[in-house]
Amino acid sequence: MFGTLASGDIETGRLRRDLRITCNLGFSCGGFEDLGMRLEGAEENREVVAETAPFQVERPLFQQTQKLVVGYALTSKKKKSFLQPKLEFMARRKGICFVPIDLNRPLSEQGPFDVVLHKLLGNEWQDVIEDYQQKHPEVTVLDPPSAIKRIYNRQSMLQGMADLNLSDCSGSIYVPKQLVVLKDSASSADRVVEAGLKFPLVAKPLWIDGTAKSHQLFLAYDKRSLAELEPPLVLQEFVNHGGVMFKVFVVGDIIKVVRRFSLPNVSSNCEKAKANGVFKFPRVSSAAASADNADLEPSVAELPPKPFLEALVKELRTLLGLRLFNIDMIREHGSKNVFSVIDINYFPGYGKMPDYEPVVVDFFHNLAQAKHKKRHYK
């Protein structure tokens, strides 16, 4: 049949019709790169396939299968920042296909999926995912809702950090003292003194609910300024760190670190200088706040030691039960390798990490290989 396609209009039309069908069924995710697929659009893709098919196709298109199908349930904002065209293109080349999950249909009726990638809030969605996990244990869910829920509460987020086994590493980790305020910030001043917290204090909303407000941070310089804060919140001792924060991105076993500008060191007489009101933190998480190319003191700019980070991330993966997260760390000013973990975020903005696409693709490719080996040795 393929030997007469170039001269047979009927066969050409039939082939193009079949190609349209395969695209509609989603097989285009499975790697049409060998057939000359480009990113310029579906119509152009279809023409390129039709022209090259007589010379390159060695088996029916319907026999082509996906190596890994990833069903995703993301907010529109997260989808836009994460599923960039470059990422999807690189993923297709490795046989990885991203398929949207229809939230208006039962999840068990969709797929089949090899992986479910999600970042949605709410008890209803948590129930859906947990039920799906029980019925489909063969599907990898990234990540378990119960583990994610812990990260959304800043009271439980950092619990257990003191028990991490980092004794053989070239660094040490701790969590700044903190206090949870559920109501009446003004009357919390006495509790701050009783808990032994020293001003200034970083004030953070207790719950991370996906809104911009949940990521707003303030610096309270004295007892009176606490009355201006809106509970529920967490008060955390401010640690001088040279104005640089390290964002440690974790994608499975892969670790990437970037520097971000943060607040400068605070002097001991800050209470007198800032007695009125609170100071709002700048957005240190944005890519615009990058300090990677800044002219900084070596003692401030030096990245945490690699063995230390590898040990820390390994321990945290076990403690948290997560594979997609990032750690906000600071180095105590004047120390060599004494660090504080001040925040942990689930499925962070990987788009802010330089060259995130190959990192994410490698992660899913490793998942595909692991699943293939598991099926092969059953």
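In what follows, the structure referred to is the one given above.
Computed from a predicted model, the values in this text were never measured in an experiment.

Rules used in this analysis
- Residues numbered from 1 in each chain as written.
- Predicted model: local features only at pLDDT ≥ 70, side-chain atom pairs only at ≥ 80, totals over all residues.
- Heavy atoms only, no water.
- Pairing = 2+ DSSP bridges.
- Helix = DSSP H or I, 4+ residues; strand = E, 2+ residues; numbered from the N terminus.
- Axes fitted to C-alpha atoms, helices over the stretch in contact; angles between N-to-C directions.
- Contact = heavy atoms within 4.5 Å.
- Expected span 1.5 Å × (residues − 1).
- Buried < 20%, exposed > 50% of the residue type's maximum accessible area, 1.4 Å probe, protein only.
- Arc of directions from axis to C-beta.
- Salt bridge = Lys/Arg side-chain N within 4 Å of Asp/Glu carboxyl O.
- Phe/Tyr/Trp six-rings, centres within 6.5 Å; stacked < 30°, edge-to-face > 60°.

### Focus: the sheet that holds strand β6 (residues 178-181)
Item 1. Read from one edge to the other, the open sheet built from five strands follows the order β6-β9-β7-β8-β12, with strand pairing classed as antiparallel. Because the sheet does not close on itself, it has two edges, and the strands there are β6 and β12 (278-280). Neighbour-to-neighbour, the strand axes of the sheet open up by a mean angle of 25°, direction not taken into account.
Item 2. Taken together, the five bridges between strand β7 (residues 201-205) and strand β9 (residues 233-237) define a ladder with antiparallel strand orientation.

### Remarks on the sheet that holds strand β2 (residues 96-100)
Item 1. One open sheet holds the four strands; their spatial order is β2-β1-β3-β4, and the pairing between them is parallel. Sheet topology places β2 and β4 (140-142) at the edges, where each strand pairs with a single neighbour. If you compare each strand with its neighbour and ignore which way they point, the axes differ by 25° on average.
Item 2. Direction of pairing for strand β3 (residues 115-119) relative to β4: parallel, over a ladder of three bridges. The residue of β4 that forms the bridge with Leu 117 is Leu 142.
Item 3. Lying on the sheet, helix α5 (residues 123-135) is in contact with β1 (68-74), β3 and β4; it crosses β3 at an angle near 165°.

### Some points on the environment of Ser 108
Item 1. Mapped onto the elements of the fold, Ser 108 is located in the loop between β2 and β3.
Item 2. C-alpha separation for the pair Ser 108 and His 136, spaced 28 residues apart in sequence, amounts to 8.3 Å.
Item 3. The contacts of Ser 108, once residues within four sequence positions are left out, are Tyr 132, Lys 135 and His 136.

### What about α5?
Item 1. Under the 1.5 Å per step criterion, the end-to-end length of α5 is 18 Å for 13 residues, consistent within 8% with the ideal 18 Å.
Item 2. Those residues of α5 not exposed but buried are Trp 125, Gln 126, Ile 129 and Tyr 132. Down the axis, α5 shows its buried residues gathered within 130° of arc, on one side only. When the buried face of α5 is taken as reference, the exposed residues oriented beyond 90 degrees from it are Asn 123, Glu 124, Gln 134 and Lys 135.
Item 3. The elements touched by buried residues of α5 are β1, β3, β4 and α6 (145-151).

### With respect to the pattern of salt bridges
Item 1. Taken as a whole and assessed by the stated rule, the structure comprises nine salt bridges.
Item 2. Residue Arg 154 pairs with Asp 343 through a salt bridge whose shortest N-O separation is 3.3 Å. Residue Arg 154 is located in the loop between α6 and β5 (172-174), and its partner Asp 343 is located in strand β14 (residues 338-346); the two are separated by 189 residues in the primary sequence.
Item 3. Accessibility expressed as a relative area gives 6% for Asp 343, which makes it buried.
Item 4. In this structure, Glu 230 and Lys 213 form a salt bridge, with 3.3 Å as the shortest nitrogen-oxygen distance. One end of the pair, Glu 230, is in the loop between β8 (218-220) and β9; the other, Lys 213, is in the loop between β7 and β8, with 17 residues separating them in the sequence.

### Here we look at unusual backbone geometry
Item 1. Gly 111 connects to Pro 112 through a cis peptide bond whose omega is 5°.
Item 2. Here Pro 112 shows up in the loop between β2 and β3.
Item 3. Phe 199 connects to Pro 200 through a cis peptide bond whose omega is 0°.
Item 4. The phi torsion at Phe 347 lies on the positive side, around 40°, for a residue other than glycine.
Item 5. You can see Phe 347 is positioned in the loop between β14 and α11 (356-376).
Item 6. Taking relative accessible area as the criterion, Phe 347 reaches 0% and is therefore assigned buried.
Item 7. Phi is positive for Asp 355, close to 55°, though the residue is something other than glycine.

### Quick look at the pairing of strand β10 (residues 244-251)
Item 1. The buried fraction of β10 is high, at eight of eight residues.
Item 2. Neither face of β10 is left uncovered, since the one carrying Val 244, Phe 246, Val 248 and Val 250 and the one carrying Met 245, Lys 247, Phe 249 and Val 251 both have all their residues buried.
Item 3. Note that β10 and strand β11 (residues 254-261) share eight bridges and pair antiparallel. Each bridged residue has a counterpart across the sheet, and for Val 251 the counterpart in β11 is Ile 254.
Item 4. Relative to strand β13 (residues 324-331), β10 is paired through six bridges, and the arrangement is antiparallel. Each residue of the ladder has a partner; that of Phe 246, found in β13, is Met 329.

### A look at the side chain of Asn 326
Item 1. Position of Asn 326 among the secondary structure elements: in strand β13.
Item 2. Residues in contact with Asn 326, not counting those within four places in the same chain, are Lys 247, Val 248, Phe 249, Asp 343, Ile 344, Asn 345 and Pro 348.

### Considering the packing of aromatic side chains
Item 1. Taken as a whole and judged by the stated rule, the model has nine aromatic pairs.
Item 2. Seen in terms of ring centroids, Phe 82 and Tyr 356 are 6.3 Å apart; in terms of plane orientation they differ by 45°. Their pairing is tilted. Residue Phe 82 is located in helix α3 (residues 76-82), and its partner Tyr 356 is located in helix α11; the two are separated by 274 residues in the primary sequence. For the pair Phe 82 and Tyr 356, one class covers both residues: buried.

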